[in-house]
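Take a look at the letters that make up each chain.
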Amino acid sequence: MTYETPLFTKIFLSAVTVIEALVGVLSNALILLLIVRFKSLQTVGNLLLANLAVVDMLNAAINMPIQLLYTLLEPRLFRGPVIAFLITFLQRVFVFLNLASMLVLLANMYFGIAFNLRYYAWKTHRKAALCCFLIWLICTSLAQLSCLPILSIDLGDSPVGRHRAEIFNQGKHQFIAVALFVLFGGIVFVVLIVCSIRRSRRKSKTGVVPENSFKLFVDEMCFS
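Residues numbered from 1 in each chain as written. Predicted model: local features only at pLDDT ≥ 70, side-chain atom pairs only at ≥ 80, totals over all residues. Heavy atoms only, no water.

- Under the annotation held in an unreviewed UniProt entry, the protein carries the name Neuropeptide Y receptor type 2 and is attributed to Acropora cervicornis.
- UniProt, in the comment section headed Subcellular location (unreviewed entry), describes the protein in these words: "Membrane". (UniProt positions renumbered as here; feature names shortened; annotations may be inferred.)

Regarding the nonpolar core
Link 1 in the chain: Leu-48, Phe-89, Val-93, Leu-97, Ile-135 and Cys-139 are the most contacted members of the largest nonpolar core, which totals 23 residues.
Link 2 in the chain: Elements that contribute at least two residues to this core include exactly helix H2 (44-73), helix H3 (81-114) and helix H5 (125-147).
Link 3 in the chain: Tallying contributions element by element places H3 first for this core, with 10 residues.
Link 4 in the chain: When near neighbours in sequence (up to four residues on either side) are disregarded, Val-93 contacts Cys-139, Thr-140 and Ala-143. (Core = buried A, V, L, I, M, F, W, Y, C linked by side-chain atoms within 4.5 Å. Buried < 20%, exposed > 50% of the residue type's maximum accessible area, 1.4 Å probe, protein only. Helix = DSSP H or I, 4+ residues; strand = E, 2+ residues; numbered from the N terminus. Contact = heavy atoms within 4.5 Å.)

What about the confidence of the model for the protein?
Link 1 in the chain: In this model, the protein carries a mean pLDDT of 79, and residues with pLDDT of at least 70 account for 79%.
Link 2 in the chain: Averaged over each element, pLDDT in the protein is lowest for helix H7 (residues 213-222) (51) and highest for H5 (90). (pLDDT = per-residue confidence, 0-100.)

With respect to the UniProt feature "transmembrane region" (unreviewed entry) in the protein
Link 1 in the chain: In the numbering used here, UniProt assigns the feature "transmembrane region" (unreviewed entry) to residues 12-36, 48-70, 82-107, 128-153 and 173-195.
Link 2 in the chain: In residues 48-70, helix accounts for 100% and strand for 0%; the two terminal C-alpha atoms are 32 Å from one another.
Link 3 in the chain: Note that residues 173-195 is 100% helix and 0% strand, and that its end C-alpha atoms are spaced 33 Å apart.

A few points about the environment of Val-93
Link 1 in the chain: Its place among the elements puts Val-93 in helix H3.
Link 2 in the chain: Looking at Val-93, the relative accessible area reads 6%, which means it is buried.
Link 3 in the chain: Considered as a pair, Val-93 and Thr-140 are 47 residues apart in the sequence and their alpha carbons are 5.7 Å apart.

Right, here's the structure in full:
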C-alpha cells in the first residue's frame, strides 16, 4: 500500500520550496553582482565569499527544483538506481562545497587577524582563485567517492524514496563523521579567531603592534 501525499501538503511544500529557491538565487546573485560591479569589493576575502554565493545559488537553482519535483512526482517518474545516484550526488556535492567554502572563509579570517600584514602580503587574487578551484575539485571528488557504495544497492525499479532510505541507512555513520569533523573545524577556527582578536588588541594597547589587525581585516574584506 502506497501513501499518497495530500494535495494541500503538496501545494504548501511546493510554495515554500519555490520561495526558498527564488530567495536563494536572487540574494546570492545580488552578492555576485555587487562584487563584479564594484572594483573596490573585489578583495581576496570577497572572492571567497563570491565562491560561497555561487555554491548557494546553484544549490537553490538545481537541488531545490529537484526536491520539488521529487515531492510531487516521485511515485511516477523518480524511480531506479540511476536517478537515486544522481540526486544523492548533487545533494552531497553541494553540501560538501558549502561546508568547505565556509571553513575556508573562517580560515581566511583567522590568518588575516593572526598574521596581519604578512598574510595580506602573501595572498593574491590568483591564489584565491586557485583555492576556489581546489574546493570544487576536492568536494566533487569526495562526493563521487561517497556515492560509490550506492552502486551496490539493488532495489530494482523501486521509487527513489526507497533507494534514498537505504542509502541513508548505509551511510549515516559517514554523514555523522563528516558533520562532526566540520563542526569541530568550525569551532576550532572560531576559538582561534577570538583568541587572535584579543591578542591583537592587547598588543595594540601596549604599543607592540601599531596597526589593529582586526580593523585591517575588516577594511580588507570590505573596501581594500
